[in-house]
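Coordinate inspection notes
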Amino acid sequence: MLLKEVPGLEAEKTKLLDSVKRAHNSHAQLFYGLSGTAAFPLALAYAQYLACKNPSESDSCGECNHCKQFAKLSYPDLHFSFPFARVAGAPRELNCEYFQKEWLDFIHTRNIFSLNDWLNQLDVANKQAQINVDEAARIIQKLSLKSYSGGPKFVILYLPEYLHSSAANKLLKTLEEPSDKSIIILISENPERLLQTITSRCQKLYIPRLNAQEIESYLQKQGVNANEARTAASVAEGDLVQAYKIALDSARYKLFGQLFQNWMRGCYSAKVKEIFAFVDEFSSLDKESQKEALRFFIQTLELAFALPRRSLALAHPIYQELSFKLEGFASVLHPKNTRMAMEVLETAIHDLSRNGNAKVILSDASFKFSNLLRIKEA
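Structure report, in brief. Everything quoted here is computed from the prediction, not taken from an experiment.

**Digging into the overall build of the chain**
Within the chain, the regular secondary structure consists of 19 helices and five strands. Taken over C-alpha atoms, the radius of gyration comes to 23 Å for the chain, in line with the 21 Å a tight globule of 378 residues would show. Oriented by its inertia axes, the alpha-carbon framework of the chain measures out at about 70 × 45 × 35 Å. Within the chain, residue pairs in contact and separated by at least 24 positions form 74% of the contacts whose partners lie at least 6 positions apart. Per element, the accessible surface of the chain, about 17800 Å² overall, is 49% carbon and sulfur. A gap of 1 Å separates the mean positions of the 45 positive and 42 negative side-chain charges of the chain.

**Some points on the packing of helix α12 (residues 250-269) against helix α14 (residues 287-305)**
Interaxial distance between α12 and α14 falls to 10 Å at its minimum, and their mutual angle equals 65°. Seen from above, α12 lies across α14 with right-handed handedness. Judged by residue contacts, R252, Y253, F256, G257, L259, F260 and W263 of α12 engage S289, E292, A293, F296, F297 and T300 from α14. Within the contact of α12 with α14, the residues separate by chemical class into eight nonpolar, three polar and two charged.

**Considering the side chain of H334**
For H334, the location among the structural elements is in the loop between α17 (326-330) and α18 (335-353). A polar contact of 2.7 Å, which involves the side chain of H334, links it to the backbone oxygen of I375. Once you skip the residues sitting within four places of it in the chain, H334 turns out to touch F305, I375, K376 and E377.

**Overview of a nonpolar patch on the surface**
Together, V272, F276 and F367 give the surface a local cluster of nonpolar side chains, amounting to about 240 Å² of exposed area. Its location among the elements puts F276 in helix α13 (residues 272-283).

**Here's the deal with the packing of aromatic side chains**
A full pass over the atoms with the stated rule returns 32 aromatic pairs. Judged by centre distance (5.5 Å) and plane angle (85°), the ring pair of F260 and F329 falls under edge-to-face. On the criterion of sequence distance, the pair formed by F260 in helix α12 and F329 in helix α17 is long-range, its members being 69 residues apart. You'll find F260 and F329 in the same group, each marked buried. Three or more aromatic residues joined by ring pairs make a cluster, and in this case those are F40, F80, F82, W103, F106, F113, W118 and Y158. When the ring centre of Y162 is taken as reference, the NZ or CZ atom of R193 above it lies at 5.0 Å.

**Focus on the nonpolar core**
By size, the foremost hydrophobic cluster in this structure holds 108 residues, and its most contacted members are F80, W263, F297 and F329. Here this core gets eleven residues from one element, more than from any other, and that element is helix α2 (residues 39-51). Not counting residues within four places of it along the chain, the set of residues in contact with F80 comprises F40, L44, L73, C96, Q100, W103, L104, I107, E135, R138 and I156. Among the nonpolar cores identified, the runner-up in size contains 19 residues, and A28, V155, L157 and A167 belong to it.

**Notes on the pattern of salt bridges**
Here the structure, examined in full by the defined rule, presents 18 salt bridges. In this structure, the salt-bridge partner of R110 is D117, at a minimum N-O distance of 3.1 Å. Put simply, R201 and E176 hold a salt bridge, and the shortest N to O gap is 3.0 Å. In this pair, R201 is assigned in the loop between α8 (196-199) and β5 (203-206) and E176 in helix α7 (residues 165-176), connecting sequence segments 25 residues apart. E176 gets classed as partly exposed once you look at its relative accessible area, which sits at 45%. If you follow the salt bridges from partner to partner, you end up with E97, E135, R138 and K142 in one network.

**A few points about the environment of N211**
Inspection of the secondary structure assignment puts N211 in the loop between β5 and α9 (212-221). For N211 and A233, which are 22 residues apart along the polypeptide, the C-alpha to C-alpha distance reads 8.2 Å. A polar atom in the side chain of N211 sits 3.1 Å from the backbone nitrogen of Q213. One polar contact links the side chain of N211 to the main-chain amide nitrogen of E214, over a distance of 2.7 Å.

Calculation criteria
Residues numbered from 1 in each chain as written. Predicted model: local features only at pLDDT ≥ 70, side-chain atom pairs only at ≥ 80, totals over all residues. Heavy atoms only, no water. Helix = DSSP H or I, 4+ residues; strand = E, 2+ residues; numbered from the N terminus. Rg over C-alpha atoms; globule rule 2.2 N^0.38 Å. Contact = heavy atoms within 4.5 Å. Areas by Shrake-Rupley, 256 points an atom, 1.4 Å probe, with all protein chains shown as cover. Lys, Arg positive; Asp, Glu negative; His and termini not counted. Charge placed at Lys NZ, Arg CZ, Asp CG, Glu CD. Axes fitted to C-alpha atoms, helices over the stretch in contact; angles between N-to-C directions. Left-handed = near helix turned anticlockwise from the far one by under 90°. Nonpolar A, V, L, I, M, F, W, Y, C, P; charged D, E, K, R; others polar. Polar contact = N/O pair within 3.5 Å; in protein donor to acceptor, adjacent residues only side chain to side chain. Patch = residues over 30% accessible without salt bridge, like charges linked within 9 Å, V, L, I, M, F, W, Y side chains within 5 Å. Salt bridge = Lys/Arg side-chain N within 4 Å of Asp/Glu carboxyl O. Phe/Tyr/Trp six-rings, centres within 6.5 Å; stacked < 30°, edge-to-face > 60°. Buried < 20%, exposed > 50% of the residue type's maximum accessible area, 1.4 Å probe, protein only. Lys NZ or Arg CZ within 6 Å of the ring centre and 35° of its normal. Core = buried A, V, L, I, M, F, W, Y, C linked by side-chain atoms within 4.5 Å.

This is how it looks when you write it as structure tokens:
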């Protein structure tokens, strides 16, 4: 992947290029930021630039054999590490090598994704994912080998916060004293969960989320029509993964908007029949859609409540289409009941993740919401 193909992040690309020109690029680098950024494609494009035989001042050449190998994800000294969970038939000593074909197929078709997307690909979304000590040993072994290509050796470690403590400790020496030509790029969404002894050994680069215009442009380049790209970009709040999902299935998010509208009207009017009609419809969704809908509800609350972005809340394209006036809904929100409402939704997501009964969970949440909407601002 070329750097110019990575959406946005021009300042971050410049920092990386400048560090290479000044020979100040570390052998261990930590790309960190919120979920939904373009950190992974940036890491891949940066690695290609370092491996390129004829790089320009601003990008890889795209023509040398190393660049062509990167394009096919076949560069022999490019290794990936990522969270995984045990699957049926897997060996007792399990590491990422077992999942390499699935991983390469996955990232070849999409380089903007979330952990849930990957775990769903493996059909292990309901299992506990981690990066274990066997995988740490594999990373060390890969980097200890002589370079097959004659160029740098890379490990791109996606979500190092999922390293088991024993695995994290095992990698410390490799991070501090790597073998010749070794470069490790860690991509983290929760760097505070990493051992301080790991972060202290890394050169750090913050990766921000993209703005709505950058996301809209990216989606259109992926073949999304202009209207759906604009809707997705304005709703996703800088989350590129979320924007892509919305663009691919806009009808689904319109359903979420309709559900939220019906739910809030039932809760505000305290009409039990309408509340249970919502609960029945919500419960008919599959488990992942239920959690995604609740996250969308949280986002709606944030948009309606956030006074500095009130104009954005009023212009929410999905609710405009549904003729649901967010300004009216926002008028009953204040810091206390909004915070409590967020907690109710977060609890519901947690309970659904633990395979709780959706009807029971949403019935309880509904009556709590009905009371919260009546709390007056102090």
